[in-house]
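Single-letter residue listing:
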Amino acid sequence: MTSIILLSVLGIVNLFFGFLKSNKILLPAAMVILALAFGVNLLDWNAASESYFNNMLTINRYSVAFTGIVVLTTLLLIPFSQKYVRDGEENLAEYYSLLLFSLVGAIMMVSYDNLLMLFVGIEILSVSMYVVAGSDKRNVRSNEAALKYFLMGSFATGILLFGIALVYGATGTFQLTQIDAGIVNPVNASLRPMLYVGMLLMFIGISFKVSAAPFHYWTPDVYEGTPTFFAAFMSTVVKTAGFAAFFKLLMAAFYSAQGFWVPTIMSITVLTLLIGNVGAVAQTSIKRMLAYSSISHAGYLFIGLVAVNGKLSANAIFFYSLAYSIATVASFAVLKLVSDQRQREDYASFNGLAKTNPLLAFVMTVAMLSLAGIPLTGGFFGKFFTFGAAINRGYIWLVVFAVVMSMVSIYYYLRPIIAMYMQPAEDENAEPIVVSGFQSAVLVLLALLTVVLGILPGLLSDVF
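None of these values were measured; they are calculated from a predicted model.

Undergrad: Just checking my understanding: could you explain the overall build of the chain for this structure?
TA: Assigned secondary structure in the chain consists of 18 helices and two strands. Its C-alpha atoms give the chain a radius of gyration of 21 Å, near enough to 23 Å, the size a compact globule of 464 residues would have. With respect to the three principal axes, the spread of C-alpha positions in the chain is 75 × 55 × 40 Å. The buried share among the 464 residues of the chain stands at 61%. Expressed as a percentage of contacts within the chain between residues at least 6 apart in sequence, the contacts between residues at least 24 apart total 80%. Carbon and sulfur atoms provide 69% of the accessible area of the chain, an area that totals close to 17100 Å². Charge-centre separation for the chain: the mean point of 23 positive side chains lies 4 Å from the mean point of 21 negative side chains.

What follows is the structure, encoded as structure tokens:
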């Protein structure tokens, strides 16, 4: 709860720094705020569970863990915003404040105990993303991305809210545990069809937010048009918060209706894995490839939901979200640095990068290997724990399908590596990509964290 208050208040205060019109003040201010929020959040790690707002929001180990991921991800991403927001540009502070406000929504999504609080959290997060998607006013694609995201997101929000209304009508409550009790002992059994329709509509609304098929259609175009810095935020923070909220909804509210929703979630899982991986193979833009990669990783996270394995699934989703977020931040960071200078986002823009910028090539390689699930990276153990939870429930066929899709993903994750190390630069006299010392340090940290998670997964494999 302290993190929510801190980010809300300091987000408003950060707006006043806009009068200074200086990135030299705004960037450190945003990083200090995020570091404070991360530290304050960790103080609640071993604290007893505590509820607020008439039990609508609960702070416990689960909420603290996922709050830690979203805040840490943003903290590691912020240094790469420097070249996006330039000194002298209007509304400079608003971009950072919108990120802080969106984090408030993300924290509410991982801490809710009431469907109304879930809806409020999703809206706070979503509205901020609609704005930043179109923040590059000079780029027509950015305007298109904002319009598509807003229109489609509005429909998804309406569907989600309609689902919440139907679930309330069938159970008479918004509280998660009381909803589950209403499923076990319904007051009016004739309302069961209404409950199932409400559940389906809620699944559609949340699946849209996490880019799950067949509700993924907005993702490639929105990611491509959104400034790379904010696309990275969407791909990590929004997805982590969405899956933490989804898992809590299924475990706390709909646990007793597994016979209905497990086949539904399983179908979404298979479709998401197939479309995400096959779609990524056909891309010529690294940014669009990462968009389809984001879709495919939603499929792997869905396996954790299908497993319905309590702490085992929760730990798997937590570890996967952390490893995925770190690798994705690293890959988008390198992409942003390269595209800012070379003004292109295709695979050829990475040709010869290992020669001109060995550090960028190395970090991108580690990130790609982690996203592919190669051993000695965090991504490998993320998939290992998720697949283990599914096997424990007997879904061997689903794991086999996911492994096949992982093999497909190796193709498109190796393409940037081949371009960096095996292809000559198109311009032999091209200048090296300019990277500040601070950005280089953060890139090294991202690569190090990925490797540490791959060598010592036990550090964070059993947090619940």
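Undergrad: Please explain the layout of surface pockets as it appears in this structure.
TA: To find the voids left in a structure, one rolls a probe of water-molecule size over its atoms. A volume near 280 Å³ is recorded for the second largest pocket. In terms of lining, the second largest pocket is formed by 18 residues, of which the most central are Phe38, Leu72, Phe318, Leu322 and Leu460. Elements supplying a minimum of two residues to the lining of the second largest pocket: α2 (23–42), α3 (61–77), α13 (311–342) and α18 (437–455). Broken down by element, the lining of the second largest pocket gets its largest block of residues, five residues, from α3.

Undergrad: Which parts of the structure should I look at to understand the environment of Tyr149?
TA: Structurally, Tyr149 can be placed in helix α6 (residues 140–171). Spatially, the C-alpha atom of Tyr149 lies 11 Å from that of Ser128, the residues being 21 residues apart in sequence. The contact partners of Tyr149, leaving out residues within four places of it in the chain, are Met129, Tyr130, Ala133, Phe208, Trp218, Val222 and Met234.

Undergrad: Just to check I follow, could you spell out unusual backbone geometry for this structure?
TA: In this structure, the amide linkage connecting Ala213 to the following residue, Pro214, adopts the cis form with an omega of 5°. Locating Pro214 in the fold gives a position in the loop between α8 (192–209) and α9 (219–225). Backbone geometry at Phe53 places phi at a positive 50°, although glycine is not the residue there. Relative to the helices and strands, Phe53 is located in the loop between β1 (50–52) and β2 (57–59). Backbone geometry places Asn54, a non-glycine residue, at a positive phi of 60°. In this structure, Asn54 sits in the loop between β1 and β2.

Undergrad: Explanation requested: the packing of helix α5 (residues 115–133) against helix α10 (residues 228–253) in the structure shown.
TA: Between two packed helices, the angle of one axis relative to the other and the distance separating the axes together describe the packing. It is at 12 Å that the axes of α5 and α10 come closest, and there the two elements cross at 170°. As the angle between them shows, α5 and α10 are arranged roughly antiparallel. Residues Leu115, Leu118, Leu125, Met129, Val132 and Ala133 of α5 form the contact with α10, whose own contacting residues are Phe230, Phe233, Met234, Val238, Ala245 and Leu249. The residue makeup of the contact of α5 with α10, split by class, is twelve nonpolar, no polar and no charged.

Undergrad: Sorry, what's going on with helix α17 (residues 396–422) here?
TA: Given 3.6 residues per turn, any residue in an α-helix points the same way as the ones three and four places further on. Between its terminal C-alpha atoms α17 stretches 38 Å, which fits the 39 Å expected from 27 residues at 1.5 Å a residue. Largest kink in α17: about 30°, centred on Leu414, with the proline Pro416 one to four residues after it. Of all the residues in α17, the buried ones are Leu398, Val399, Ala402, Met405, Ser406, Ser409, Tyr412, Tyr413, Pro416, Ile417, Ala419 and Met420. Each element contacted by the buried residues of α17 is listed here: α11 (258–281), α12 (286–307), α14 (353–356), α15 (358–372) and α16 (378–392).

Undergrad: I tried to follow the packing of aromatic side chains on my own but got confused; where do I start?
TA: Aromatic rings considered in pairs are described by the distance between their centres and by the relative angle of their planes. For the structure shown, the criterion picks out 28 aromatic pairs. Each member of the aromatic cluster is reached from another via a ring pair, and the members are Tyr130, Tyr149, Phe150, Phe208, Trp218 and Tyr223. When the ring centre of Tyr112 is taken as origin, the NZ or CZ atom of Lys248, which lies over that ring, is 5.6 Å away. The ring centre of Tyr300 lies 4.4 Å from the NZ or CZ of Lys383, which sits over that ring.

Cut-offs applied
Residues numbered from 1 in each chain as written. Predicted model: local features only at pLDDT ≥ 70, side-chain atom pairs only at ≥ 80, totals over all residues. Heavy atoms only, no water. Helix = DSSP H or I, 4+ residues; strand = E, 2+ residues; numbered from the N terminus. Rg over C-alpha atoms; globule rule 2.2 N^0.38 Å. Buried < 20%, exposed > 50% of the residue type's maximum accessible area, 1.4 Å probe, protein only. Contact = heavy atoms within 4.5 Å. Areas by Shrake-Rupley, 256 points an atom, 1.4 Å probe, with all protein chains shown as cover. Lys, Arg positive; Asp, Glu negative; His and termini not counted. Charge placed at Lys NZ, Arg CZ, Asp CG, Glu CD. 1 Å grid on protein atoms, 1.4 Å probe; cavity = no way out; pocket = protein on both sides within 12 Å on 5 of 7 lines; lining within 4 Å. Points joined across faces, edges and corners; volume = space filled by probe spheres on them. Axes fitted to C-alpha atoms, helices over the stretch in contact; angles between N-to-C directions. Parallel < 35°, antiparallel > 145°, perpendicular 65-115°, else oblique. Nonpolar A, V, L, I, M, F, W, Y, C, P; charged D, E, K, R; others polar. Expected span 1.5 Å × (residues − 1). Bend = angle between axes of the 7 residues up to and from the residue. Phe/Tyr/Trp six-rings, centres within 6.5 Å; stacked < 30°, edge-to-face > 60°. Lys NZ or Arg CZ within 6 Å of the ring centre and 35° of its normal.

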